[in-house]
Amino acid sequence: MTERDEAREALEQIAATRRETAHRAASPKGYYAVAGVGMGLVILGLGLDGPVRWVLYVVGLATALGAMSWYTKHTGIVTFATLREPGAWRAWLMIGVSLVALAVAWTGPVVAAVGAVVTALTWAVLGPAWDVAWVRSIEEQP
């Protein structure tokens, strides 16, 4: 075997490892929907008063943290995207919608409810597409 063949084989093994890692880092089905519902409950809590507010905070945070734990148990790893990959606009849009909803939710229960629903739907719809783009970017890294 020549040095060129050895180098080619080593590069193929690196590419195979990168593909395996990328697919292992993919979120479980439903992850973004569950995380979005958790964020939505926190946002809804901002528009309400009394003990209901705190119950929604606790349930929302527990749901979001539970989703993160589910991801870690499902994949066996903890990963963070840099949000510079192709397709990261989806993640930035999810973040932006959540932040706007958080900023306006305190104005009242109707606004908070709308913000919560929009946030949960945004996460449920854009999250899986962002995950696919992110996995693809890991596979294609040099």
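Residues numbered from 1 in each chain as written. Predicted model: local features only at pLDDT ≥ 70, side-chain atom pairs only at ≥ 80, totals over all residues. Heavy atoms only, no water.

J.: Looking at this structure, I do not really get the overall build of the chain. What am I missing?
T.: Helix and strand counts for the chain stand at five helices and zero strands. Sequence-ordered secondary structure for the chain, helices as α and strands as β, is α-α-α-α-α. Considered along the principal axes of its C-alpha atoms, the chain spans approximately 75 × 25 × 20 Å. Pairs at least 24 apart in sequence give 78% of the contacts found in the chain among residues at least 6 apart. Across the chain, the centroid of the 11 positively charged side chains sits 8 Å from that of the 11 negatively charged ones. (Helix = DSSP H or I, 4+ residues; strand = E, 2+ residues; numbered from the N terminus. Contact = heavy atoms within 4.5 Å. Lys, Arg positive; Asp, Glu negative; His and termini not counted. Charge placed at Lys NZ, Arg CZ, Asp CG, Glu CD.)

J.: What am I meant to see in the packing of aromatic side chains here?
T.: The relative placement of two aromatic rings is captured by the distance of their centres and the angle of their planes. For the coordinates displayed, the defined rule picks out three aromatic pairs. With a centroid separation of 4.9 Å and an interplanar angle of 80°, the aromatic rings of Y31 and Y32 are classed as edge-to-face. Aromatic side chains W54 and Y57 sit 5.0 Å apart centroid to centroid with 80° between the ring planes, which places their arrangement in the edge-to-face category. You can see W54 and its partner Y57 sitting in helix 3 (residues 51–75), three residues apart, about one turn around the helix. Taken together through their ring pairs, the aromatic side chains of Y31, Y32 and Y71 make up a single cluster. (Phe/Tyr/Trp six-rings, centres within 6.5 Å; stacked < 30°, edge-to-face > 60°.)

J.: Any chance you could explain the nonpolar core here in plain terms?
T.: Nonpolar side chains in soluble globular proteins tend to end up buried together. Of all hydrophobic cores here, the largest spans 17 residues; its most connected members are A25, Y32, W130 and W134. Elements with a minimum of two residues in this core: helix 2 (31–46), helix 3, helix 4 (89–105) and helix 5 (109–140). A total of six residues in this core trace back to one element, the largest contributor, which is helix 5. Membership of the second largest hydrophobic core comes to eight residues, among which are Y57, A105, A112 and A116. (Core = buried A, V, L, I, M, F, W, Y, C linked by side-chain atoms within 4.5 Å. Buried < 20%, exposed > 50% of the residue type's maximum accessible area, 1.4 Å probe, protein only.)

J.: Explain helix 5 to me, please; I cannot follow it from the model alone.
T.: Three or four residues apart is the spacing at which side chains of an α-helix point the same way, because the helix has 3.6 residues per turn. With 32 residues, helix 5 extends 45 Å between its outermost C-alpha atoms, agreeing within 8% with the 46 Å of an ideal straight helix rising 1.5 Å per residue. Of all the bends in helix 5, the greatest reaches close to 35° and is centred on L126; the proline P128 follows between one and four positions later. (Expected span 1.5 Å × (residues − 1). Bend = angle between axes of the 7 residues up to and from the residue.)

J.: Just checking my understanding: could you explain the UniProt feature "transmembrane region" (unreviewed entry) in the chain for this structure?
T.: What UniProt calls "transmembrane region" (unreviewed entry) maps, in this numbering, to residues 30–48, 54–72 and 93–126. Annotated as residues 30–48, this span is 84% helix and 0% strand, and its ends, taken at the C-alpha atoms, are 27 Å apart. (UniProt positions renumbered as here; feature names shortened; annotations may be inferred.)

J.: I keep staring at helix 3 and nothing clicks. Help me out?
T.: If you check helix 3, its first and last C-alpha atoms are 36 Å apart, about what 25 residues at 1.5 Å a residue would give, namely 36 Å. All of the buried residues along helix 3 are L56, Y57, G60, A64, A67, Y71 and T75. Phi for G76, located one or two positions after helix 3, is positive at around 80°.

J.: Looking at this structure, how should I read the packing of helix 2 against helix 5?
T.: For any two helices packed against each other, one specifies the crossing angle of their axes together with the interaxial distance. For the pair helix 2 and helix 5, the least separation of the axes is 8 Å and the interaxial angle reads 160°. Taken together, the axis directions place helix 2 and helix 5 in an arrangement best described as roughly antiparallel. Pair helix 2 / helix 5 crosses with right-handed handedness. (Axes fitted to C-alpha atoms, helices over the stretch in contact; angles between N-to-C directions. Parallel < 35°, antiparallel > 145°, perpendicular 65-115°, else oblique. Left-handed = near helix turned anticlockwise from the far one by under 90°.)

J.: Just checking my understanding: could you explain a negative patch on the surface for this structure?
T.: Taken together, the side chains of E3, E6, E9 and E12 make up a negatively charged region of the molecular surface. Its place among the elements puts E12 in helix 1 (residues 3–24). (Patch = residues over 30% accessible without salt bridge, like charges linked within 9 Å, V, L, I, M, F, W, Y side chains within 5 Å. Areas by Shrake-Rupley, 256 points an atom, 1.4 Å probe, with all protein chains shown as cover. Salt bridge = Lys/Arg side-chain N within 4 Å of Asp/Glu carboxyl O.)

J.: Please explain a nonpolar patch on the surface as it appears in this structure.
T.: On the surface, a nonpolar cluster with roughly 300 Å² of combined accessible area is contributed by L61, L65 and M68. Tracing the sequence through the fold places M68 in helix 3.

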